[in-house]
Amino acid sequence: MNDIWAGLEAAFWLIVTLDADLLEITLRSLYVSLTALVIASAIALPFGSWLAIRRFRYRRATIAVLNALMGLPPVVVGLVVFLLLSRSGPFGVLGLLFTPTAMIIAQVIIITPLIASITHQAMRELWAEYHDLLISLNTSNWQRVTTLIVDGRRALLTASLAGFGRAIGEVGAIMIVGGNIEHATRVLTTAIALETGKGDFALALGLGFVLIALALMVNFAIHALSRTEREGRW
Amino acid sequence: MAMTATLQGALVKRKGKTILGPVTCDLLPEGITIVLGPNGAGKTTLLKVLHGVERLTEGTVRWNVSDEEAHTSQAYVFQSPIMLRRSVRQNLAYPLQLIRASKADIVRQTSHWAQRIGLADALDRPATRLSGGEKQKLALGRALIRKPKVLFLDEPCANLDGRATREIENVLQEAYRTGTRIIMTTHDLGQAKRLASDVIFLLKGQVHEQLPGSLFFDNPQTSEARAFLQGDIVE
């Protein structure tokens with residue numbers, strides 16, 4: 001119990017004194033995960049919706065693969081991205097390894113299947129409801145996808161938030177491709193792993209509480225901005 | 001130009017079971033056609049075949065205009081109205097947005113049609129929270145907003161009370177007067193008599209009779225049609 005109290009206390013002081021290092025790694029965490037979220041959503045939301053409305057030959061296989069990819073182990077993703085971006089790898093010339101960009105790439109790979117899969121599930125139901133009407137109105141595929149995205153935006157928000165949750169709490173992949181370098185690629189999760197390893201449980205826990213608070217705040221902020229949980233809206 | 005359709009040996013099978021056909025018939029160029037028949041006779045399927053959203057197993061359906069024109073000049077009102085999860089206003093505007101109508105035109109048309117279907121006060125309400133009759137009226141208004149030349153309705157007044165039925169029939173009569181060809185199914189024989197200029201009587205997927213309305217109701221040609229009109233159960 002003592003450790004937890006000490007952790008709460010550490011978190012309190014870190015926040016109250018606006019610790020410069022804490023601020024830096026918190027902002028970096030947000031930057032990496034939000035950027036990854038935006039990129040992944042831009043790919044996954046239209047793709048998931050498209051999967052719901054199109055019938056093609058390998059559709060079932062695609063969906064099965066997508067669902068399987070949801071469980072992709074971050075460490076393995078990190079390893080593969082590491083190999084691709086390392087000096088001797090195919091993209092080594094870009095010099096991206098151990099940069100926030102590399103971390104973003106890894107997180108996009110991890111959360112895109114998750115967002116696409118949840119999107120597909122939700123859009124499939126909405127499509128079943130709208131199918132006859134949209135066919136009858138002679139809509140193009142693009143019009144169908146955009147209609148579903150607009151009218152299913154609540155479900156898509158849930159999908160995106162699930163993706164964000166996975167990204168902000170992820171440590172395995174960004175540790176490998178980012179390297180947890182102070183003032184360069186250190187983020188909340190990797191800092192927690194480091195402090196725990198060093199035995200500074202109070203600071204680790206403090207960072208942990210900050211991380212949880214951050215995740216809650218982002219969720220609330222997005223819900224407030226999009227006014228989803230209000231009466232009479234979808 | 002009036003749109004007419006010709007069905008040539010149209011046959012719809014699903015999982016080896018014949019739902020409709022083979023049907024060979026001509027659709028008259030104008031009027032209100034009422035499709036009658038017991039459940040499972042293929043009424044809805046016939047409408048969907050004519051509308052071009054049901055794939056034919058065999059045979060053809062041909063409109064006297066290009067496919068493109070046939071698609072864009074038809075509208076369909078489903079048996080259970082499909083409401084977009086948007087406001088009444090946005091539901092009405094949706095078909096116009098699809099064809100990139102101008103903003104001013106959309107505003108004008110939506111308020112005009114909201115008036116016509118008696119939902120002018122409900123424009124900002126979520127469409128999914130309307131009552132059954134209001135939903136059906138909204139679906140009708142949304143179908144008519146693009147001024148279709150042909151309008152299909154699949155039991156538009158099922159489960160509605162007298163007042164809502166009359167309101168819908170008034171809108172239909174008005175649409176008919178302004179040149180919209182109407183093809184609808186109904187189980188309500190009174191409604192059929194009120195509206196029909198001609199009747200297609202379907203039985204077991206076949207066109208059993210196709211007659212002008214007055215003739216069909218006064219003097220049906222077959223014993224099945226006579227029994228159906230008397231309210232007997234025809235299978």
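Residues numbered from 1 in each chain as written. Chains lettered and ligands numbered in written order. Predicted model: local features only at pLDDT ≥ 70, side-chain atom pairs only at ≥ 80, totals over all residues.

- The name given to chain B in an unreviewed UniProt entry is ATP-binding cassette domain-containing protein, and the organism recorded there is Sulfitobacter sediminilitoris.

- By the naming in an unreviewed UniProt entry, chain A is ABC transporter permease subunit, taken from Sulfitobacter sediminilitoris.
- Looking at chain A in UniProt, the text filed under Subcellular location (unreviewed entry) is "Cell membrane".
- What UniProt records for chain A under Sequence similarities (unreviewed entry) is the sentence "Belongs to the binding-protein-dependent transport system permease family." (UniProt positions renumbered as here; feature names shortened; annotations may be inferred.)

**A word on the overall build of chain A**
Next, step 1: If you tally the helices and strands in chain A, you get ten helices and zero strands.
Next, step 2: Ordered by position from the N terminus, the helices and strands of chain A form the series α-α-α-α-α-α-α-α-α-α.
Next, step 3: For chain A, with 234 residues in total, the buried portion stands at 38%.
Next, step 4: Taking all contacts inside chain A whose residues are at least 6 apart in sequence as the whole, residues at least 24 apart take part in 78%. (Helix = DSSP H or I, 4+ residues; strand = E, 2+ residues; numbered from the N terminus. Buried ≥ 20, exposed ≤ 12 C-beta atoms within 10 Å, placed from the backbone. Contact = placed C-beta atoms within 7 Å.)

**Considering helix α3 (residues 88-98) of chain B**
Next, step 1: Every buried residue belonging to α3 of chain B is among Val 88, Asn 91, Leu 92, Ala 93, Tyr 94, Pro 95 and Leu 96 of chain B, and all of these are buried.
Next, step 2: Two residues or fewer past α3 of chain B, Arg 100 of chain B is found with a positive phi of approximately 55°.

**Some remarks on the sheet that holds strand β5 (residues 74-77) of chain B**
By definition, the strands of a sheet pair up through backbone hydrogen bonds, in either a parallel or an antiparallel sense.
All names here are of chain B.
Next, step 1: Pairing in this open sheet of six strands is mixed, and the strands run β5-β6-β7-β3-β8-β9 from one edge to the other. Both edges of this open sheet fall to β5 and β9 (206-212), since each of them pairs with a single strand only. Each adjacent strand pair in this sheet contributes to an overall mean axis angle of 15°, direction not counted.
Next, step 2: Note that β5 and strand β6 (residues 150-154) share four bridges and pair parallel. (Pairing = 2+ DSSP bridges. Axes fitted to C-alpha atoms, helices over the stretch in contact; angles between N-to-C directions.)

**Quick word on the UniProt feature "domain: ABC transporter" (unreviewed entry) in chain B**
Next, step 1: The UniProt record marks residues 5-229 of chain B with the feature "domain: ABC transporter" (unreviewed entry), using the residue numbering of this structure.
Next, step 2: The annotated region residues 5-229 of chain B carries 40% helix and 26% strand content, and the separation between its end C-alpha atoms amounts to 27 Å.

**With respect to the environment of Arg 142 of chain B**
Residue and element names in this part refer to chain B.
Next, step 1: Along the chain, Arg 142 falls in helix α5 (residues 132-144).
Next, step 2: In sequence terms Arg 142 and Asp 105 are 37 residues apart; their C-alpha atoms lie 15 Å from each other.
Next, step 3: In this structure, Arg 142 is in contact with Asn 91, Leu 92, Tyr 94 and Pro 95, ignoring residues within four places of it in sequence.

**Considering the UniProt feature "transmembrane region" (unreviewed entry) in chain A**
Next, step 1: Under the local residue numbering, the UniProt record ascribes the feature "transmembrane region" (unreviewed entry) to residues 30-53, 65-85, 91-116, 163-181 and 201-225 of chain A.
Next, step 2: In the segment residues 91-116 of chain A, helix accounts for 65% and strand for 0%; the C-alpha atoms at its two ends are 26 Å apart.

**Let's talk about the interface of chain A and chain B**
Next, step 1: Chain A puts 13 residues into the contact, and the matching count from chain B is 13 residues.
Next, step 2: Among the secondary structure elements, those contributing two or more residues to the side of chain A that touches chain B are α5 (100-136) and α6 (141-151) of chain A.
Next, step 3: Sorting elements by how many residues they give to the side of chain A that touches chain B places α5 of chain A first, with six residues.
Next, step 4: By residue class, the composition of the side of chain A that touches chain B is five nonpolar, five polar and three charged. (Nonpolar A, V, L, I, M, F, W, Y, C, P; charged D, E, K, R; others polar.)

**Focus on the sheet that holds strand β2 (residues 17-26) of chain B**
Residue and element names in this part refer to chain B.
Next, step 1: Taken together, the three strands give an open sheet; going across it, the order is β2-β1-β4, and neighbouring strands pair in antiparallel fashion. The open sheet terminates on both sides in strands that have one partner only, identified here as β2 and β4 (58-63). Direction aside, the axes of adjacent strands within the sheet are offset by 20° on average.
Next, step 2: Pairing between strand β1 (residues 5-14) and β2: six bridges, direction antiparallel. Looking at β2, one finds that Leu 7 is bridged to Cys 25.
Next, step 3: Lying over the sheet, helix α1 (residues 43-51) contacts β1, β2 and β4, oriented at roughly 60° with respect to β2.

**Thoughts on the UniProt feature "domain: ABC transmembrane type-1" (unreviewed entry) in chain A**
Next, step 1: The feature "domain: ABC transmembrane type-1" (unreviewed entry), as annotated in UniProt, sits at residues 26-222 of chain A in this numbering.
Next, step 2: Between the first and last C-alpha atoms of residues 26-222 of chain A the distance is 18 Å; the span itself is 79% helix and 0% strand.

**Side note on the nonpolar core**
Next, step 1: Ranked by internal contacts, the top residues of the largest apolar core, which has 66 residues, are Ile 34, Val 35, Leu 151 and Phe 152 of chain B.
Next, step 2: What Phe 152 of chain B contacts, discounting residues up to four positions off in sequence, is Leu 47, Leu 50, His 51, Gln 74, Tyr 76, Val 77, Ile 183 and Met 184 of chain B.
Next, step 3: Judged by nonpolar contacts, the second largest core, of 54 residues, contains Leu 37, Leu 66, Ile 111 and Leu 188 of chain A. (Core = buried A, V, L, I, M, F, W, Y, C linked by C-beta atoms within 7 Å.)

**Considerations on unusual backbone geometry**
Residue and element names in this part refer to chain A.
Next, step 1: Within the chain, Leu 18 stands out as a residue other than glycine whose phi angle is a positive 45°.
Next, step 2: Of note, Leu 18 is situated in the loop between α1 (2-16) and α2 (20-53).
Next, step 3: We classify Leu 18 as exposed; it has 8 C-beta atoms within 10 Å.

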